[in-house]
Amino acid sequence: CRGTPLQADVHTCLNSRLIPDPELSNIRLHKGFRDHAHRLVTDLEPLLGHPHHLRSTIEVSGHSLGGAVAMIVAMKLKKRGYNVDRVVSVAGARFCAEEDLGVVVEKEMLPLDALRIEDDLDCVPFLPPWACALGDKLWLTNEHARGMSMSMSMSSDDVSGEGGGSFLSTMQHASTKYIPQSVFLQRGHELSWTDSVYTNVRLLETIMNENTVHRIKSHRDKLANFASELKSSASSQDLKSKSGMKEGREPPSISECAKNETIKKR
């Protein structure tokens, strides 16, 4: 699903009042995005074959306006019986009423693999401020721009998903955070700031960087760097594990690795 290259798409974005969608249990959606998604599904459905076919899978993705539309398209196709395997929103706008978030999760309207990728210097994922986004959040933070003031720690319990610490995982990359939607719902009082417009939109920095950070190329480059560092870290851990086994020691557990990373950062 594309972004906003046409004037008509600008009108779609501005038509931002939240209205109930009868097909999706009357959850309230951004009217412009919902209408756009409905047109797409109507055009696509004749090409998709028979629903309930387990051997065929559908993956949906989009950027900016298209990111929000992709999420709604995925929900509508899943509701109609299609096997939607994955949906990815890159720099997608908000599109759902916050009060209906629990209904979406409870009724499993989205596929399990629903990811939104957002840059904290990009204002689009925080708009419109009266709506919310759905899916697990991969947050690309520019901490060097904040003087590293947003640096997060990670405990062993955070990795295993147990205990009462912060659930904001740094995933071995200082400027990349992963926040599963299930964790966000469980720890909303602790993590609500991660989706807060007022906490995260830095007006001056956003104005200076918006033309760059909102583009797909910016996200692609940052994700490529992230993947490279993950691969490098995994190789390093593998070498350490093999070294430990050669010396007759047990390789360190994930929790131990996480604890060691936290100590190093402190």
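Being a predicted model, the structure only gives us computed values, none of them experimental.

Counting residues in each nonpolar core, the largest one holds 32 residues, and the members touching the most others are Met-75, Phe-95, Leu-110 and Leu-134. Looking at this core, the element that brings in the most residues is helix α3 (residues 65–79), giving ten residues. Discounting chain neighbours no more than four positions away, the residues touching Leu-134 are Met-71, Met-75, Phe-95, Cys-96, Leu-101, Val-104, Leu-110, Arg-116 and Gln-181. Counting eight residues, the second-largest nonpolar core is a separate cluster that includes Val-90, Leu-115, Ile-117 and Phe-226.

With that out of the way, let us pick up the sheet that holds strand β6 (residues 136–140). Spatial strand order, β3-β4-β5-β6-β7: five strands in an open sheet with mixed pairing. Looking at which strands have only one partner, the edges of the open sheet turn out to be β3 (58–63) and β7 (176–179). On average, each strand axis in the sheet is inclined to that of its neighbour by 15°, with strand direction left out of account. In the sheet, β3 pairs with strand β4 (residues 84–90) via six bridges, with the strands oriented parallel. Among the inter-strand pairings, Gly-62 is bridged to a residue of β4, identified as Ser-89. Against the sheet, α3 engages β3, β4 and β5 (113–119), with an angle of about 155° to β3.

Rules and cut-offs
Residues numbered from 1 in each chain as written. Predicted model: local features only at pLDDT ≥ 70, side-chain atom pairs only at ≥ 80, totals over all residues. Heavy atoms only, no water. Core = buried A, V, L, I, M, F, W, Y, C linked by side-chain atoms within 4.5 Å. Buried < 20%, exposed > 50% of the residue type's maximum accessible area, 1.4 Å probe, protein only. Helix = DSSP H or I, 4+ residues; strand = E, 2+ residues; numbered from the N terminus. Contact = heavy atoms within 4.5 Å. Pairing = 2+ DSSP bridges. Axes fitted to C-alpha atoms, helices over the stretch in contact; angles between N-to-C directions.

Coordinates in, geometry out; function isn't part of it.
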